[in-house]
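# Commentary on secondary and tertiary structure
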Amino acid sequence: MILDDFGLQPLDGQNRIALLELIEDRHNRGSMLVTSQIPVSKWYEIIGEKTIADAILDRLIHQSHRFELMGESMRKKRNILNE
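A brief report on the enclosed structure follows.

Quick notes on the rules
- Residue indices follow the written sequence of each chain, beginning from 1 at its first position.
- Side-chain atom pairs in this predicted model are given and counted only at pLDDT of 80 or more, local residue features only at pLDDT of at least 70, and totals for whole chains, interfaces and linings cover all residues.
- Side-chain measures here rest on the full set of heavy atoms in the structure, leaving out hydrogens and waters.
- Working definition: helices are DSSP H or I runs of at least four residues, strands are E runs of at least two. Numbering for both runs from the N terminus.
- Here the radius of gyration uses the C-alpha set of atoms, whereas the globule reference equals 2.2 Å times the residue count to the power 0.38.
- Burial classes follow relative accessibility: with a 1.4 Å probe on protein chains only, a residue under 20% of its type's maximum area counts as buried, one over 50% as exposed, and anything between as partly exposed.
- It only takes one pair of heavy atoms within 4.5 Å for two residues to be counted as in contact.
- Values of accessible area rely on a 1.4 Å probe in the Shrake-Rupley scheme; residue burial ignores everything except the protein chains shown.
- Neither His nor the chain ends contribute to the count of charged residues, in which Lys and Arg are positive and Asp and Glu negative.
- Positions of charges follow a simple convention, taking NZ of Lys, CZ of Arg, CG of Asp or CD of Glu.
- Whenever a helix is involved, its axis is fitted only over the stretch in contact; in every case the axis is a line through C-alpha atoms, and angles between N-to-C directions fall within 0 to 180 degrees.
- When an angle is under 35 degrees it counts as roughly parallel; over 145 it counts as roughly antiparallel; between 65 and 115 it counts as roughly perpendicular; any other value is oblique.
- Left-handed describes a crossing whose near helix is turned anticlockwise from the far helix by less than a right angle; the clockwise case is right-handed.
- Polar here means any residue other than Ala, Val, Leu, Ile, Met, Phe, Trp, Tyr, Cys and Pro, which are nonpolar, and Asp, Glu, Lys and Arg, which are charged; Gly is therefore polar.
- Side-chain atoms within 4.5 Å are what join buried Ala, Val, Leu, Ile, Met, Phe, Trp, Tyr and Cys residues into a set we call a nonpolar core.
- Note on definitions: salt bridges are taken to be side-chain nitrogens of Lys or Arg within 4 Å of carboxyl oxygens of Asp or Glu.
- What a helix should span is 1.5 Å times the count of its residues minus one.
- Working note: the arc is built from the helix axis to C-beta atom directions.

## Some thoughts on the overall build of the chain
For the chain, the count of helices and strands is four helices and two strands. Its helices and strands in sequence order give the chain the pattern β-α-β-α-α-α, from N to C terminus. Its C-alpha radius of gyration of 15 Å places the chain more than 25% over the 12 Å reference for a compact globule of 83 residues. Along the first, second and third principal axes, the C-alpha atoms of the chain reach 50 × 25 × 20 Å. Taking all 83 residues of the chain together, 19% fall into the buried category. Summarising the internal contacts of the chain: among those between residues at least 6 apart in sequence, 69% fall at separations of at least 24. Counting every atom, the chain has about 6,800 Å² of accessible surface; 51% of that belongs to carbon and sulfur. Side chains of the chain carry 11 positive and 13 negative charges; the gap between the two charge centres is 5 Å.

Structure follows, in structure tokens:
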């Protein structure tokens, strides 16, 4: 499962529960790829409910491989090259 651009807006109650259920279904049974422009330290704020955020992040973070990219956006660099 791929969750792209996680955290563009805060989750409401229904989406929070849906995300938890999706992650629980995949936990230890299949791969998940999550991309976000928001640092993981801010994900609690996006998820909104502390208990559910704990459950979601526990399943996502503790068995994950994290890649944090640094530097300027590749989109910006491509535009400079195309000018």
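## Some details on the packing of helix α1 (residues 13–26) against helix α3 (residues 50–61)
Interhelical geometry of α1 versus α3 gives an angle of 30 degrees and a closest axis separation of 10 Å. If you check the angle between α1 and α3, you find them roughly parallel. Once α1 is placed against α3, the crossing between them reads as left-handed. Of α3, the residues touching α1 (which contributes Arg16, Ile17, Leu19, Leu20, Ile23 and Glu24) are Ile52, Ala55, Ile56, Arg59 and Leu60. Residue composition of the contact of α1 with α3, by class: eight nonpolar, no polar and three charged.

## Quick word on the nonpolar core
Of all hydrophobic cores here, the largest spans 14 residues; its most connected members are Phe6, Leu19, Trp43, Ile47 and Ile56. Those elements giving two or more residues to this core turn out to be α1, α2 (43–47) and α3. Discounting chain neighbours no more than four positions away, the residues touching Phe6 are Leu11, Leu19, Val34, Thr35, Ser36, Ile38, Trp43, Ile46 and Ile47.

## Looking at the pattern of salt bridges
Working definition: two side chains of opposite charge can pair if their charged atoms are close together. Applying the stated rule across the entire model yields three salt bridges. In this structure, Glu68 engages Arg66 in a salt bridge whose closest nitrogen and oxygen atoms are separated by 2.5 Å.

## A few points about α1
The first and last C-alpha atoms of α1 sit 20 Å apart over 14 residues, in line with the 20 Å expected at 1.5 Å per residue. All of the buried residues in α1 are Arg16, Leu19, Leu20 and Ile23. Buried positions in α1, seen along its axis, are confined to an arc of 100 degrees and lie on one side of it. Those residues of α1 that are buried are in contact with β1 (2–3), α2 and α3.

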